[in-house]
Amino acid sequence: MRKKAPLSGILILLAILSSAIAGNAMPAATSVRLAVVDFRANGVPFHLGAGVAEMVRGRLVGVPGCTVLERTQLAAVAAEHKLALSGLVDERTAVKLGKLVGARYMLLGSVNGLGSVIAISARLVDVETAVALSAFNVSSNDGENGLFAASQMLGENIVMELFGSPAPTPKE
């Protein structure tokens, strides 16, 4: 007669396997403080970096559990500590600024002109560990005309990464 494995042993094995598989995944957050710095503009007009970052901030504001630190607060702290804020892409500087303003995560990025396509690249950096946790890429095949939709998609991707579910659309 064949012995059956006890149910508790199977459950323990499943728990170990699922934690090993999820070990590399970012844990779903319940509440985060996020700083979004202006994105660097590469091959596009300079104002598009700040514009895209502002649209991403706007999409994230009002998401339950997400506190988006105000750009003016970031700029004031950066100026006080003589940190360059415009087009910030250096993780070390981002981590320093993030710690100064009490952020848990920093979002760094760039807006890149690639012929008729504009690509937006962003990295979510953990301020505590200085590690880029996630990278995001969205694009607009309609040039500047499609940047609003691409920025909104970037915001949605960030919310999915942080919270594991789509964000409700903020109230106008």
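Residues numbered from 1 in each chain as written. Predicted model: local features only at pLDDT ≥ 70, side-chain atom pairs only at ≥ 80, totals over all residues. Heavy atoms only, no water.

Chemist: Sorry, what's going on with the overall build of the protein chain here?
Modeler: Helix and strand content of the protein chain: 5 helices and 6 strands. The secondary structure elements of the protein chain, listed N-terminal to C-terminal, are α-β-β-α-β-α-α-β-β-β-α. Relative to its 172 residues, the protein chain shows a buried fraction of 40%. Split by element, the accessible area of the protein chain, about 9,800 Å² in all, is 59% carbon and sulfur. (Helix = DSSP H or I, 4+ residues; strand = E, 2+ residues; numbered from the N terminus. Buried < 20%, exposed > 50% of the residue type's maximum accessible area, 1.4 Å probe, protein only. Areas by Shrake-Rupley, 256 points an atom, 1.4 Å probe, with all protein chains shown as cover.)

Chemist: Looking at this model, I keep getting lost on the nonpolar core. Mind explaining?
Modeler: A general feature of soluble globular proteins is that nonpolar side chains tend to end up buried together. The biggest cluster of nonpolar side chains holds 29 residues, and the ones touching the most others in it are F39, L60, L107 and L154. Broken down by secondary-structure element, the contributors of at least two residues to this core are β1 (32-36), α2 (47-60), β3 (66-68), β4 (105-114), β5 (117-126), β6 (131-140) and α5 (147-163). Here this core takes 7 residues from α5, the largest share from any one element. Residues within four places of L107 in sequence aside, it is in contact with L34, A35, V36, V37, F39, V56, A122, R123, L124 and I158. (Core = buried A, V, L, I, M, F, W, Y, C linked by side-chain atoms within 4.5 Å. Contact = heavy atoms within 4.5 Å.)

Chemist: When you look at the pattern of salt bridges in this model, what are you seeing that I'm missing?
Modeler: Note that side chains of opposite charge can pair when their charged atoms are close. Counted by the stated rule, this structure contains 4 salt bridges. Here R57 makes a salt bridge to E54, at a shortest N to O gap of 2.6 Å. With R57 and E54 both in helix α2 and 3 residues apart, the pair spans about one turn of that helix. Assessed through its relative accessible area of 5%, R57 is described here as buried. With a relative accessible area of 41%, E54 lands in the partly exposed category. For R104, the salt bridge is made with D126, and the minimal N-O distance between the two is 2.4 Å. Note that R104 is positioned in the loop between α4 (91-101) and β4 and D126 in strand β5, a separation of 22 residues in sequence. Under the relative-accessibility criterion, R104 is labelled partly exposed at 32%. By sharing partners, the salt bridges in this structure join D38, E54 and R57 into a single network. (Salt bridge = Lys/Arg side-chain N within 4 Å of Asp/Glu carboxyl O.)

Chemist: In this structure, what is going on with the pairing of β4? I would like to understand it.
Modeler: Working note: regular strand, side chains alternate between the two faces of the sheet. Counting buried positions along β4 gives 8 out of 10 residues, so the element sits mostly inside the fold. Alignment of β1 against β4, held across 3 bridges, turns out to be parallel. Residue pairing across strands places V36 opposite L107, the latter belonging to β4. With 3 bridges connecting them, strand β2 (residues 40-42) and β4 associate as parallel partners. Paired with R40 across the strands is S110, a residue of β4. Relative to β5, β4 runs antiparallel, the two being bridged by 10 bridges. In the strand pairing of β5, M106 is matched with V125. (Pairing = 2+ DSSP bridges.)

Chemist: Where do I start with helix α3 (residues 71-80) in this structure?
Modeler: Of all the residues in α3, the buried ones are L74, V77 and A78. Along the long axis of α3, the arc covered by the buried residues comes to 100°, so they all point the same way. Turned more than 90 degrees from where α3 packs its buried face, T72, A79 and E80 sit exposed. (Arc of directions from axis to C-beta.)

Chemist: I tried to follow the environment of R71 on my own but got confused; where do I start?
Modeler: For R71, the position within the fold is in helix α3. Classification of R71 by relative accessible area gives partly exposed; the value is 32%. Along the chain, R71 and D38 lie 33 residues apart, while their C-alpha atoms are 8.4 Å from each other. Sequence-distant contacts of R71, that is, excluding residues within four places in its chain, are made with D38 and R57.

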